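Chain by chain, the residues:
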Amino acid sequence: MGGHWADFQYEIYLNGMSGAVPRLPTDLTRLEELTERRLGPGPVGYVAGSAGAGSTARANRAALDRRRIVPRMLRDVHERDLSVEVLGRTLPAPLALAPIGVLSIMHPDAESAAARAAAARGVPFILSSASSTPLERVAEAMGDAERWFQLYWPKDPEVARSFLSRAKAAGYSALVVTLDTPMLAWRPRDLDQAYLPFLHGVGTANYFSDPAFQAGLAKPVHEDPNAAVMHFVGMFSDPAKTWPDLAFLRENWDGPIVLKGILHPDDARAAADAGMDGVIVSNHGGRQVAGSIGAADALPGVVEAVGDRLTVLFDSGVRTGDDIFKALALGARAVLVGRPYAYGLGLDGQAGVEHVIRCLLAELDLTLALSGHAGPGTVGPGDLVESAV
């Protein structure tokens, strides 16, 4: 890369000399409102919406907002390095793009555009099982850039096995297993529009292209799409799975395995005991359990329980560079960002996603420096205080 992530601000100011201003706001919290105006209520509600009355999404924000950074002065921060070790890999910054399904509802270039943006900036892209583009095509779009595969663990073990072997063959290095969605939550914004893209065969690309999935159909997908959709709905998730089932994943995946959706320290310990490599402290961005604990409030307990045994990652509520700083200070090794990049995609395709990545990391770089840190490694709980919001 050369230089610092913070240099993005000077690039913007210099472009302004010839009259150019950024196409999207640099305050990423404004993207949701712009997306609401630009896209239809179905797609916007699907991405922006939360479970129930939205209390968990608000709790995620409150848990981050309540923690305030205490900057320190006169520390040498002129040379900075944001790189971190995650799951045995060196990443240029403590950031990855969270798995979000059905991105074709945001932009026709869908997952491939977001993956190219991540690759261009060296940030890992986590592809959702429920993507609208087959995992092999997304891999092609990324070249040899870092990519992880997110598994919605299906009822049919042959489909699960097939997904894992396809992901391995396509160069996905880590497996992210989402545990908090054994069924879809009560999501009023989707319900009020009766909007579920999967029922129209959108977000089913990995399934419909899968030989093990196709083996369960009486006719090819294109001959009876409704039967294919119903087959998908019947196997998409499995509320009967329990901790001993993790052995299946270990047998069928030889890279790192990370469990997503962990909020309780005992569940984090169970993950470590099961030989997992990491956990993602997450409540699915508030989309699964209304009234749930804010993710950043759950983070310190998980770090205390397993921080010495597992890689602890974090998502849910991250909107800004200072949010990333706070998550790092609370013990996360790196952070996943979700909705902001989906909005960037919806507003400006690949360039919009790159804009989001560069804004987040420029702001993180500046927040670190202005708070007295030359990199993520020196940030800790002592850099935060808790205040009443």
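Residues numbered from 1 in each chain as written. Predicted model: local features only at pLDDT ≥ 70, side-chain atom pairs only at ≥ 80, totals over all residues. Heavy atoms only, no water.

A. Focus on the overall build of the protein. Within the protein one finds 16 helices and 12 strands. The C-alpha radius of gyration computed for the protein amounts to 20 Å, which stays within 12% of the reference 21 Å derived for 389 residues, consistent with globular compactness. In terms of overall dimensions, the protein has a C-alpha envelope of 70 × 50 × 40 Å along the principal axes. Put simply, the protein has 389 residues, and 57% of those count as buried. Partitioning the contacts of the protein with sequence separation of at least 6, the portion at a separation of at least 24 is 76%. Total accessible area on the protein is roughly 16,000 Å²; 53% of this is exposed by carbon and sulfur atoms. (Helix = DSSP H or I, 4+ residues; strand = E, 2+ residues; numbered from the N terminus. Rg over C-alpha atoms; globule rule 2.2 N^0.38 Å. Buried < 20%, exposed > 50% of the residue type's maximum accessible area, 1.4 Å probe, protein only. Contact = heavy atoms within 4.5 Å. Areas by Shrake-Rupley, 256 points an atom, 1.4 Å probe, with all protein chains shown as cover.)

B. Structural context of the environment of Asp277. For Asp277, the position within the fold is in the loop between helix H13 (265-273) and strand E9 (278-281). C-alpha of Asp277 to C-alpha of Leu310: the two residues are 33 residues apart in sequence and 5.5 Å apart in space. Setting aside its immediate chain neighbours within four residues, Asp277 contacts Leu87, Arg250, Gly255, Pro256, Ile257, Leu310 and Thr311. Side-chain polar atoms of Asp277 contact the backbone nitrogen of Ile257, separated by 2.8 Å. (Polar contact = N/O pair within 3.5 Å; in protein donor to acceptor, adjacent residues only side chain to side chain.)

C. Fine view of helix H15 (residues 321-329). Extensive coverage of H15 is indicated by the burial of 8 of its 9 residues. Residue Gly331 follows H15 closely and has a positive phi angle near 115 degrees.

D. Just unusual backbone geometry, in detail. Of note, Ala110 is a non-glycine position whose phi angle comes to about 45 degrees, a positive value. By the element assignment, Ala110 lies in helix H5 (residues 110-121).

E. Expanded view of the pattern of salt bridges. In total, this model carries 23 salt bridges according to the counting rule given. Two residues, Arg189 and Glu36, come together in a salt bridge whose shortest N-O distance is 3.2 Å. Here Arg189, found in helix H8 (residues 188-193), pairs with Glu36, found in helix H2 (residues 31-38); they are 153 residues apart in sequence, far enough to count as distant. Residue Glu36 is classed as partly exposed on the basis of its relative accessible area, which comes to 35%. (Salt bridge = Lys/Arg side-chain N within 4 Å of Asp/Glu carboxyl O.)

F. Seen up close, helix H11 (residues 225-235). Buried within H11 are the following residues: Ala228, Val229, Phe232 and Met235. Seen end-on, H11 carries its buried residues on one side only, within an arc spanning 140 degrees. Counted as exposed and oriented over 90 degrees from the buried face of H11: Asn226 and Met230. (Arc of directions from axis to C-beta.)

G. Spatial organisation of the pairing of strand E11 (residues 334-337). Burial of E11 is two-sided: the residues Ala334 and Leu336 facing one way and the residues Val335 and Val337 facing the other way are all buried. Here strand E4 (residues 95-97) runs beside E11; their pairing, made up of 3 bridges, is parallel. When the bridges of E11 are listed, Leu95 appears paired with Val335. Sheet topology note: the strand E10 (residues 311-314)/E11 ladder contains 2 bridges and is parallel. Looking at the pairing, Phe314 lines up with Val335 of E11. (Pairing = 2+ DSSP bridges.)

H. A look at the packing of aromatic side chains. Per the stated rule, a full pass over the model turns up 13 aromatic pairs. Centre to centre, the rings of Tyr207 and Phe213 are 6.2 Å apart; their planes meet at 75 degrees, and the pair counts as edge-to-face. Here Tyr207 matches Phe213 in class, with each residue buried. Three or more aromatic residues link up through ring pairs in this structure, and these residues are Phe149, Tyr152, Phe163, Tyr172, Phe198, Tyr207, Phe208, Phe213, Phe232 and Phe236. One cation-aromatic arrangement involves Arg287 over Tyr46; the distance from NZ or CZ to the ring centre is 5.1 Å. (Phe/Tyr/Trp six-rings, centres within 6.5 Å; stacked < 30°, edge-to-face > 60°. Lys NZ or Arg CZ within 6 Å of the ring centre and 35° of its normal.)

I. Layout of the packing of H5 against helix H6 (residues 135-142). Remark: H5 packs on H6, axes separated minimally by 8 Å, with the N-to-C direction vectors making an angle of 35 degrees. For H5 against H6, the interelement crossing comes out right-handed. Of the residues in H6, those touching H5 at Glu111, Ser112, Ala115, Arg116 and Ala119 are Arg137, Val138, Ala141 and Met142. For the contact of H5 with H6, the per-class residue count stands at 5 nonpolar, 1 polar and 3 charged. (Axes fitted to C-alpha atoms, helices over the stretch in contact; angles between N-to-C directions. Left-handed = near helix turned anticlockwise from the far one by under 90°. Nonpolar A, V, L, I, M, F, W, Y, C, P; charged D, E, K, R; others polar.)

J. View of the packing of H13 against helix H14 (residues 295-306). Packing of H13 against H14 leaves a shortest axis separation of 8 Å and a crossing angle of 35 degrees. Helix-helix and strand crossings are classified by hand; for H13 and H14 the assignment is right-handed. Facing Pro265, Ala268, Arg269 and Ala272 of H13, the residues of H14 in contact are Gly301, Val302, Ala305 and Val306. For the contact of H13 with H14, the residue count by class is 6 nonpolar, 1 polar and 1 charged.

In short, shape yes, function no, at least from these values alone.
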